[in-house]
Amino acid sequence: MSVKSRQILDDIQLKALIAYQAFLFNQDFEGPDHNPDIYLGLYDALKAVKGQYFNAVNGHAGSVMDIAFAPHTNILYSTGGDGKVLKWNIENLKASFETVLENSFGQKALGITQDGSWLICATDEGKIILLNLLNSVETDQELVGHSRIVSGIVAAPNNEYFISASIDKTIRKWSLEDFQGEIFIHTESKINSIDISPDSEKIIAGMQDGTIKIWNLKDTAIVKVIENDGIPFSTVKYSTTGNRIATGDSKGNIKIWNAENYQLIDDLEGRKSRINDIDFDRHDKLMATALQDGTAMIWDFTSLNNQPIELTEHESWVLATKFSPDGKSLVTTSKNQDRIIVWPIHINEIAKDLRKFIIRNLSQEEWNMYVADDIDYETTITDLNNPN
């Protein structure tokens, strides 16, 4: 039924009704909470009633390279090839963005400290700019150390420091007290992605030479090296609880590892396209992946055998993906557009929103055609006069 609803192009009410009835059947028969067909049917219908880009915002001129949420809020910061850092409120997409930084050179990586006090932005020239978010967003520090593009920034959960990685083959550690930095780790390969474990004890890096390396943060001792048959790792990410590690590579392979013994748990078959980013929601129930073929995917992390939801609104490489702190939305960005898309992620909430626009019920003829003539007719909307 959800597939049928997506094929209806000339009757918005009928499209919405069929998508909503499919949702009700999924609910009644205890179907998956993240059923891809139900999600896409509801989303497509909501797009029909609200407009194609109802959940998209524009502000950058070109690629949006990275995004970061202020902790415990729906305030989003974005940066890109135009050298800007923009501030958005994803709860009100009609509100204008705020430009908090504007440079003449591109910026690839963005991070925010866990206490929400510092926004950290890395430039294509290797510089790192710190903005004090508690002081009217003033540029308080400009740090120099890397000689080439900074590929990743991660603030330590304990708010004492942050780390930066670069294609200059170094990982630097920067104090958030005196802003002094040092080469923390020197590698033999370019570093494509880094992350810090939630307990601030380990650092993980995805390398261009096809290895994952994990170090102790206390003494930089190597804990583990994982080989990938020479296929470059493009992104690495600790789960929110820290008991899992997700990795993506340039061939589109997504692997899930035990973060304690580093044993492989799952090898996911997605599209054969580079994985640019991975994120987890706050409860580790969902995982999102950003792919170079223009697709983003939402995976049910509690049951990875279930098919993921494939999001295909972007027309170019999906570069970054982040779940909102409240767990209601997923944000994605892309290469050849200045568009940032804010996706609703729970089918119950999408259905609730869609219900507000439905003003009639199915006729018996429509029921027979789009549901089934051997299933007893039922009223889809029992309270037409109460859309809320």
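This text gives an overview of the structure that appears in the document. Please read all numbers here as calculations on a predicted model, not as lab measurements.

Quick look at the overall build of the protein
And then number 1: Regarding its fold elements, the protein presents five helices and 28 strands.
And then number 2: Relative to its length of 388 residues, the protein is compact, with a C-alpha radius of gyration of 22 Å against a globular reference of 21 Å.
And then number 3: Overall, the protein is about 70 × 45 × 30 Å in size when its C-alpha atoms are taken along their principal axes.
And then number 4: Burial status across the protein gives 57% buried among its 388 residues.
And then number 5: Looking at the protein alone, contacts between residues at least 24 apart form 44% of all its contacts between residues at least 6 apart.
And then number 6: A total accessible area of about 17,200 Å² is found for the protein, and carbon and sulfur atoms account for 42% of it.
And then number 7: Of the charged side chains in the protein, 36 are positive and 56 negative; the average position of the first set lies 4 Å away from that of the second.

As for the sheet that holds strand E21 (residues 264–268)
And then number 1: Pairing is antiparallel in the open sheet, where four strands are placed in the order E18-E19-E20-E21. Among the strands making up the open sheet, the edge pair consists of strand E18 (233–238) and E21. Averaged over all pairs of adjacent strands, the angle between strand axes in this sheet comes to 15°, irrespective of strand direction.
And then number 2: Two elements, strand E20 (residues 254–258) and E21, share four bridges in a ladder whose sense is antiparallel. Each bridged residue has a counterpart across the sheet, and for Ile254 the counterpart in E21 is Leu268.

Remarks on the nonpolar core
And then number 1: If you look at the biggest cluster of nonpolar residues, it comprises 42 residues, and the most contacted ones within it are Phe23, Tyr39, Leu42, Leu311, Leu330 and Leu354.
And then number 2: Among the elements that make up this core, the one with the highest residue count is helix H2 (residues 12–28) (ten residues).
And then number 3: Those residues in contact with Leu42, other than ones at most four positions away along the chain, are Ala19, Tyr20, Phe23, Ile347, Ile350, Ala351 and Leu354.
And then number 4: If you look at the next biggest cluster of nonpolar residues, it comprises 16 residues, including Ala156, Tyr161, Ile171 and Ile203.

With respect to unusual backbone geometry
And then number 1: Even without a glycine there, the phi angle at Ser200 is positive, about 60°.
And then number 2: With respect to the helices and strands, Ser200 occurs in the loop between strand E14 (191–196) and strand E15 (202–207).
And then number 3: Exposure remark for Ser200: the relative accessible area of 15% places this residue in the buried category.
And then number 4: Its identity is not glycine, yet Asp284 carries a phi of approximately 60°, on the positive side.
And then number 5: Among the secondary structure elements, Asp284 is positioned in the loop between strand E22 (275–280) and strand E23 (286–291).

Some words on the packing of aromatic side chains
And then number 1: Scanning all chains against the criterion turns up eleven aromatic pairs.
And then number 2: With a centroid separation of 5.2 Å and 40° between ring planes, the pair formed by Tyr43 and Trp343 is classed as tilted. Of this pair, Tyr43 sits in helix H3 (residues 36–50) while Trp343 sits in strand E28 (residues 339–344), placing them 300 residues apart in sequence.
And then number 3: Taken together, the ring pairs in this structure connect Phe25, Phe29, Trp367 and Tyr377 into an aromatic cluster.
And then number 4: In this arrangement the basic side chain of Lys173 is found over the ring face of Tyr161, its NZ or CZ atom lying 4.5 Å from the centre.
And then number 5: The ring of Trp317 carries the charged tip of Lys335 above its face, separated from the ring centre by 5.1 Å.

Here is what the cut-offs are and how they apply
Residues numbered from 1 in each chain as written. Predicted model: local features only at pLDDT ≥ 70, side-chain atom pairs only at ≥ 80, totals over all residues. Heavy atoms only, no water. Helix = DSSP H or I, 4+ residues; strand = E, 2+ residues; numbered from the N terminus. Rg over C-alpha atoms; globule rule 2.2 N^0.38 Å. Buried < 20%, exposed > 50% of the residue type's maximum accessible area, 1.4 Å probe, protein only. Contact = heavy atoms within 4.5 Å. Areas by Shrake-Rupley, 256 points an atom, 1.4 Å probe, with all protein chains shown as cover. Lys, Arg positive; Asp, Glu negative; His and termini not counted. Charge placed at Lys NZ, Arg CZ, Asp CG, Glu CD. Pairing = 2+ DSSP bridges. Axes fitted to C-alpha atoms, helices over the stretch in contact; angles between N-to-C directions. Core = buried A, V, L, I, M, F, W, Y, C linked by side-chain atoms within 4.5 Å. Phe/Tyr/Trp six-rings, centres within 6.5 Å; stacked < 30°, edge-to-face > 60°. Lys NZ or Arg CZ within 6 Å of the ring centre and 35° of its normal.

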